[in-house]
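Here are the chains, one letter per residue:
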Amino acid sequence: MKRKNQGISMVIGLGILLLITIIISFQLGRYPIPPKELFGILLSKIFPVEQFWADRLEIVLINIRLPRILLACLVGCCLSAAGAAYQGVFQNPMASPDILGASSGAAFGAALAILHHGGNSLIILSAFTFSLLTVAIIYFISKKAKGNNLLGLILAGIMVSSLFSAGTSFIKLVADPNDQLPVITYWLMGSLSGSKLSDIAFAVLPMAVGLIPLLLLRWRLNILTLGDDEAKTMGVNAKQIRLLVIVCATFVTAASVSVSGVIGWVGLVIPHLARRLVGSNYTALMPATMLTGAVFLLIVDNFSRNLLTTEIPLGILTALVGAPFFIYLITRRGETY
């Protein structure tokens, strides 16, 4: 009971930290938005509030900063939740959101759309579609494989991911080096630059479709980590739950990658950090992982857009932070993963 109360307190604390980080994020940038003007503008969208702020502040807040901050929180939340779910399903601490090729498929879809001069909406749609298609192909192949189903799923993921990565490389080879190639390369490094409310409108539904079941099924993930035989004795159909969790994690991964590009390390590192905070019980671990991921990616994105005059792709920063931190986690004495 004490451990459970500590987990609840930590989740509440992370929620408060996320709220504080969001408010601070609005202050960062070329046009800082003071808290008074910030709350005034936001409230004016719901209640009749007499304008006391400059028009340019409202434009910056609604059209630029708000979509980017919301998308950073959503993407960080989704990638972290998917990583925690995959680690539980595959009983592998090295599992991450791209283990089933969702990122490779999305990269190929986005590159293909850019090659055919697609606009932002087409790029997002193509990335999302190919991401889901890749995982579907991997799952179909794994069903035909003999032996351990989980091992077959992982091996199929590695092989199909390699094929789509090769396809992406070929598209980069034939793309216009002056126009299309830089766009493809920048997309593959991950960025929230140019985020729009329409991007959120596209991604929020598949994100919700994936996140809500993951939250509701989080106690069953505890049972899956014990193995199929133990789950069966407790009246849980491990195969059905595993398939449902994989589908939900795939949806949130595909939606995230389609609007942000390929952002690594978040889904691998954040679940381990959350375990340090609340333990391995998925009842508290899943919400803690979601909140920690949102805070982490929002902070990283703040550095991305403010550290230099030129924006740094998120994939570079998450690797610079995530890789050393993960080395620290796995080399701590007395810890096993």
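Residues numbered from 1 in each chain as written. Predicted model: local features only at pLDDT ≥ 70, side-chain atom pairs only at ≥ 80, totals over all residues. Heavy atoms only, no water.

Caption draft 1: Molecular detail of the overall build of the protein. Assigned secondary structure in the protein consists of 14 helices and 0 strands. The secondary structure elements of the protein, listed N-terminal to C-terminal, are α-α-α-α-α-α-α-α-α-α-α-α-α-α. Dimensions of the protein along its principal axes, counting C-alpha atoms only, are 65 × 60 × 40 Å. Of all 337 residues assigned to the protein, the portion counted as buried reaches 50%. The contacts in the protein between residues at least 6 apart in sequence include a share of 74% that link residues at least 24 apart. For the protein, the accessible surface area stands at approximately 16,400 Å², while carbon and sulfur atoms represent 67% of it. Between the centroid of the 24 positive side chains of the protein and the centroid of its 14 negative side chains there is a distance of 11 Å. (Helix = DSSP H or I, 4+ residues; strand = E, 2+ residues; numbered from the N terminus. Buried < 20%, exposed > 50% of the residue type's maximum accessible area, 1.4 Å probe, protein only. Contact = heavy atoms within 4.5 Å. Areas by Shrake-Rupley, 256 points an atom, 1.4 Å probe, with all protein chains shown as cover. Lys, Arg positive; Asp, Glu negative; His and termini not counted. Charge placed at Lys NZ, Arg CZ, Asp CG, Glu CD.)

Caption draft 2: Layout of the side chain of Thr292. Position of Thr292 relative to the elements: it lies in helix α13 (residues 282–306). Judged by relative accessible area, which is 8%, Thr292 ranks as buried.

Caption draft 3: Inspection of a nonpolar patch on the surface at higher detail. A cluster of nonpolar residues, Ile8, Ile12, Ile16, Ile20, Ile24 and Leu28, forms a patch on the protein surface that exposes about 520 Å² of accessible area. Its location among the elements puts Ile24 in helix α1 (residues 2–27). A relative accessible area of 45% means that Ile24 is categorised as partly exposed. (Patch = residues over 30% accessible without salt bridge, like charges linked within 9 Å, V, L, I, M, F, W, Y side chains within 5 Å. Salt bridge = Lys/Arg side-chain N within 4 Å of Asp/Glu carboxyl O.)

Caption draft 4: Spotlight on the nonpolar core. Ranked by size, the top nonpolar core spans 100 residues in total, and within it Leu61, Val75, Tyr86, Phe90, Leu100, Trp187 and Met286 carry the most contacts. Those residues in contact with Tyr86, other than ones at most four positions away along the chain, are Gln91, Ala95, Ser96, Pro97, Ile99, Leu100, Ile246, Ala249, Thr250 and Thr253. (Core = buried A, V, L, I, M, F, W, Y, C linked by side-chain atoms within 4.5 Å.)

Caption draft 5: Local environment of helix α11 (residues 238–260). Spanning 23 residues, α11 covers 32 Å between terminal C-alpha atoms, matching the ideal 33 Å at 1.5 Å per step. Most of α11 is tucked away, with 17 of its 23 residues classed as buried. The residue sitting at the N-terminus of α11 and contributing the capping side-chain oxygen is Asn237; that oxygen lies 3.3 Å from the backbone nitrogen of Lys239. Downstream of α11 by one or two residues, Gly261 has phi in the positive range, about 85°. (Expected span 1.5 Å × (residues − 1). Polar contact = N/O pair within 3.5 Å; in protein donor to acceptor, adjacent residues only side chain to side chain.)

Caption draft 6: Summary view of the pattern of salt bridges. The full count for this structure, using the stated rule, is 3 salt bridges. With a shortest N-O distance of 2.9 Å, Asp301 and Arg68 are connected by a salt bridge. Placement of Asp301 in helix α13 and of Arg68 in helix α3 (residues 55–89) is noted, with a sequence separation of 233 residues between them. Across the pair, exposure class does not vary: Asp301 and Arg68 are buried alike. Glu311 is paired through a salt bridge with Arg68; the nearest N and O atoms lie 2.7 Å apart. On the criterion of sequence distance, the pair formed by Glu311 in the loop between α13 and α14 (314–330) and Arg68 in helix α3 is long-range, its members being 243 residues apart. Note on Arg68: relative accessible area 10%, which makes it buried.

Caption draft 7: Highlighting the packing of aromatic side chains. Under the criterion given, the structure shown has 7 aromatic pairs. Consider the rings of Phe52 and Trp53, whose centres lie 5.0 Å apart with planes at 80°: the pair is edge-to-face. The class of Phe52 is partly exposed, set by a relative accessible area of 39%. For Trp53, a relative accessible area of 6% corresponds to the buried category. An aromatic cluster is built from Phe108, Phe130 and Phe164, whose rings are joined through pairwise contacts. (Phe/Tyr/Trp six-rings, centres within 6.5 Å; stacked < 30°, edge-to-face > 60°.)

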